[in-house]
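Structural features, examined
Chain residues, written in single-letter form:
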2 protein chains.
Amino acid sequence: MSIRYLTAKLAQQIDEELMNSAGAFSLDQLMELAGLACAQTLAKVYSKEKYPRVLVCCGPGNQGGDGLVAARHLGMFGYEPTIYMPKPGSKDIYKRLQKQCDNMKIKTMPPDAPLDSFRSTLSSTDVILDAIFGFSFKGPVRAPFDAVLPLISSAGKPIVSVDIPSGWDVEKGNEAGVGIVPDVLVSLTAPKEGVRSFTGRHFLGGRFVPKAMEEKFELNLPEYPGFDQIVELPQTEGTQKL
Amino acid sequence: MSIRYLTAKLAQQIDEELMNSAGAFSLDQLMELAGLACAQTLAKVYSKEKYPRVLVCCGPGNQGGDGLVAARHLGMFGYEPTIYMPKPGSKDIYKRLQKQCDNMKIKTMPPDAPLDSFRSTLSSTDVILDAIFGFSFKGPVRAPFDAVLPLISSAGKPIVSVDIPSGWDVEKGNEAGVGIVPDVLVSLTAPKEGVRSFTGRHFLGGRFVPKAMEEKFELNLPEYPGFDQIVELPQTEGTQKL
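Because the structure is a prediction, the values reported are computed rather than measured. (Residues numbered from 1 in each chain as written. Chains lettered and ligands numbered in written order. Predicted model: local features only at pLDDT ≥ 70, side-chain atom pairs only at ≥ 80, totals over all residues. Heavy atoms only, no water.)

Section: the sheet that holds strand 1 (residues 53-58) of chain A
Residue and element names in this part refer to chain A.
- The mixed open sheet is built from eight strands, whose spatial order is 3-2-1-4-5-6-7-8. Bordering the open sheet on either side are strand 3 (107-108) and strand 8 (230-233), each of which pairs with just one other strand.
- Sheet topology places strand 7 (residues 201-205) next to strand 8; four bridges connect them, and they run antiparallel. The partner of Leu-204 across the bridge, within strand 8, is Val-231. (Pairing = 2+ DSSP bridges. Helix = DSSP H or I, 4+ residues; strand = E, 2+ residues; numbered from the N terminus.)

So, the environment of Asn220(A)
Residues and elements named next belong to chain A.
- Summarising the element assignment, Asn-220 is placed in the loop between helix 7 (211-216) and strand 8.
- Judged by relative accessible area, which is 25%, Asn-220 ranks as partly exposed.
- When the C-alpha atoms of Asn-220 and Ser-2 are compared, they prove to be 6.2 Å apart, with 218 residues separating the residues in sequence.
- Contact partners of Asn-220, with chain neighbours within four places excluded, come to Met-1, Ser-2, Ile-3 and Glu-214.
- At 3.1 Å, the side chain of Asn-220 forms a polar contact with the backbone oxygen of Ser-2. (Buried < 20%, exposed > 50% of the residue type's maximum accessible area, 1.4 Å probe, protein only. Contact = heavy atoms within 4.5 Å. Polar contact = N/O pair within 3.5 Å; in protein donor to acceptor, adjacent residues only side chain to side chain.)

Focus on the relation of the copies chain B and chain A
- It takes a turn of 180° to lay chain B on chain A, together with a shift of 0.0 Å along the axis; the resulting RMSD is 0.0 Å. The transformation just described matches what one would write down for a two-fold rotation axis.
- Taken as a fraction of all interface residues of chain B, those also at the interface in chain A reach 100%, which identifies the copy contact as same-surface. (Least-squares fit on C-alpha atoms with pLDDT ≥ 70 in both.)

Focus: the UniProt feature "binding site: K(+)" (unreviewed entry) in chain A
Residues and elements named next belong to chain A.
- Under the local residue numbering, the UniProt record ascribes the feature "binding site: K(+)" (unreviewed entry) to Gln-63, Asp-130 and Ser-166. These annotated residues cover 104 residues of sequence, and their C-alpha atoms all fall within 10.5 Å of one another, placing them together at a single site.
- Within the element layout of this structure, Gln-63 appears in helix 3 (residues 62-77).
- Sequence-distant contacts of Gln-63, defined by excluding residues within four places in its chain, comprise Asp-130, Ala-131, Ile-132, Phe-133, Gly-134, Val-162, Asp-163 and Ile-164.
- Here the side chain of Gln-63 touches Ile-132 through a polar contact of 3.5 Å, landing on its backbone nitrogen.
- Tracing the chain through its elements places Ser-166 in the loop between strand 5 (159-162) and strand 6 (184-188).
- Not counting residues within four places of it along the chain, the set of residues in contact with Ser-166 comprises Asp-130, Ile-132, Phe-133, Leu-149, Ser-161, Gly-179 and Ile-180.
- Here Asp-130 takes part through its side chain, which lies 2.5 Å from a polar atom of the side chain of Ser-166. (UniProt positions renumbered as here; feature names shortened; annotations may be inferred.)

Here's the deal with the interface of chain B and chain A
- The interface of chain B with chain A comprises 35 residues on the first partner and 35 residues on the second.
- When the buried area of chain B at its contact with chain A is split by residue, Gln29(B), Met76(B) and Phe227(B) rank highest and sum to 22% of it.
- Connecting chain B to chain A are zero salt bridges.
- At the surface where chain B touches chain A, the tally comes to 16 residue pairs in polar contact (both at pLDDT 80 or more).
- Taken together, the elements giving at least two residues each to the side of chain B that touches chain A come down to helix 2 (27-45), helix 3 (62-77) and helix 4 (92-103) of chain B.
- Residue classes in the side of chain B that touches chain A are distributed as 15 nonpolar, ten polar and ten charged. (Buried area = accessible area lost by both parts, 1.4 Å probe. Salt bridge = Lys/Arg side-chain N within 4 Å of Asp/Glu carboxyl O. Nonpolar A, V, L, I, M, F, W, Y, C, P; charged D, E, K, R; others polar.)

As for the pairing of strand 2 (residues 80-84) of chain A
Residue and element names in this part refer to chain A.
- In terms of residue burial, strand 2 counts as a mostly covered element, since four of its five residues are buried.
- The pairing of strand 1 with strand 2 spans five bridges and is classified as parallel. Paired with Cys-57 across the bridge in strand 2 is Tyr-84.
- Handedness of the crossover joining strand 1 and strand 2 through helix 3: right-handed.
- After leaving strand 2, the chain enters helix 4 (residues 92-103) and then returns to the sheet as strand 3, a path that is right-handed. (Right-handed = clockwise from strand over helix to strand, strands pointing away.)

Here's the deal with the packing of helix 2 of chain B against helix 4 of chain B
All names here are of chain B.
- Interhelical geometry of helix 2 versus helix 4 gives an angle of 45° and a closest axis separation of 12 Å. Looking at the two axes, helix 2 sits oblique to helix 4. Handedness of the crossing formed by helix 2 with helix 4: right-handed. Residues Leu-27, Asp-28 and Met-31 of helix 2 pack against Ile-93, Tyr-94, Arg-96 and Leu-97 of helix 4.
- Among the residues forming the contact of helix 2 with helix 4, the class breakdown is five nonpolar, no polar and two charged. (Axes fitted to C-alpha atoms, helices over the stretch in contact; angles between N-to-C directions. Parallel < 35°, antiparallel > 145°, perpendicular 65-115°, else oblique. Left-handed = near helix turned anticlockwise from the far one by under 90°.)

This is the structure in structure tokens:
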């Protein structure tokens, strides 16, 4: 049985069931484990010796929160992260996560930094963590991200995307061709329909789905090794050009 | 510079500073990372192939919460944990953590299980995780734990203790001789004064202390390897018989 790729609706439903009164997880818990998995994926592929400077690009939703958690853990691992969050989320949790990064002396670009300044930061970064849009993304890409995504794409730096590469449709992938094409992908909980044809290194994180829920949704998750928080999925040959 | 051993007062202060408005961490976050570190420590020393059945003994305070988180992660790692929490904590977070374990089909003994039943569970377990008392423990050991600790001690099973072996004074250690003497210890954030003379394998978890806080309190923490959540401390020869 191969792993299940989730529709946007199913991803939403699983997320809700994890956090409702039956699932009993708090957003703080899930975000902590998800962000840790993202940081570990990046660290697994891009060593801090060769790729110390990580630009963590965060969106305004929960995926931006995962990005902030990942930035903090990357700081703990010895990387030098810089956070770019041009449209900060309004939830209290993002403010707390941001403060935790501030306490780590992790730099955050001003939200209204001009694109030239972002371009310059891009040029002095070694690897990019794309935590802009997640499984609740619905196109089209709006400002300021309509200008940001092309800059990330053309920077020529390795990119690790979280869950859904930003700009991709959650189910149809990068059909529109406006999305970021990452080198590495870390899917959370289970991969989404849109990344079926992704051909780079693909990891899975979010080791918190109870067996009963996995069976209910027929996720067929792979076994995580030992006590790791991530597992690498077999690479696909891809059925369509990205 | 060697690692600093904390007094009870200092441990309390650091805990508070991590979670006040300046530190900005939530209890959910810290407990998740602490419990994960406990589970990883146990898994590092006792393989699930040889030691599948883990009895997780939880106290009524925050360390019991760490234990519940650890039990869940151990279940995720493929162990068969059983939870013993004879005096369940009243905070809402413990109820949520317990529910998460229930959802994993992790067995919890009834809080009022007779000691004979606990004795029988002890005899059919492979390793014990002692998450009963933490750094806010003040003796003497009261019921029901005054009866529970000797049963754990005399069970002849390997024991992993969290932070402070249960029954030990946070600063004076096992002077009174009523405490559990574990094979493995996982200290959280930084080790406490009372465990200076501990001679077993000693790990450190809680990779969330910002550098500025580490410097302020002169903790001299060791470097964690790679992206691990635990680091093993050098074994001491011990200055007093435990």
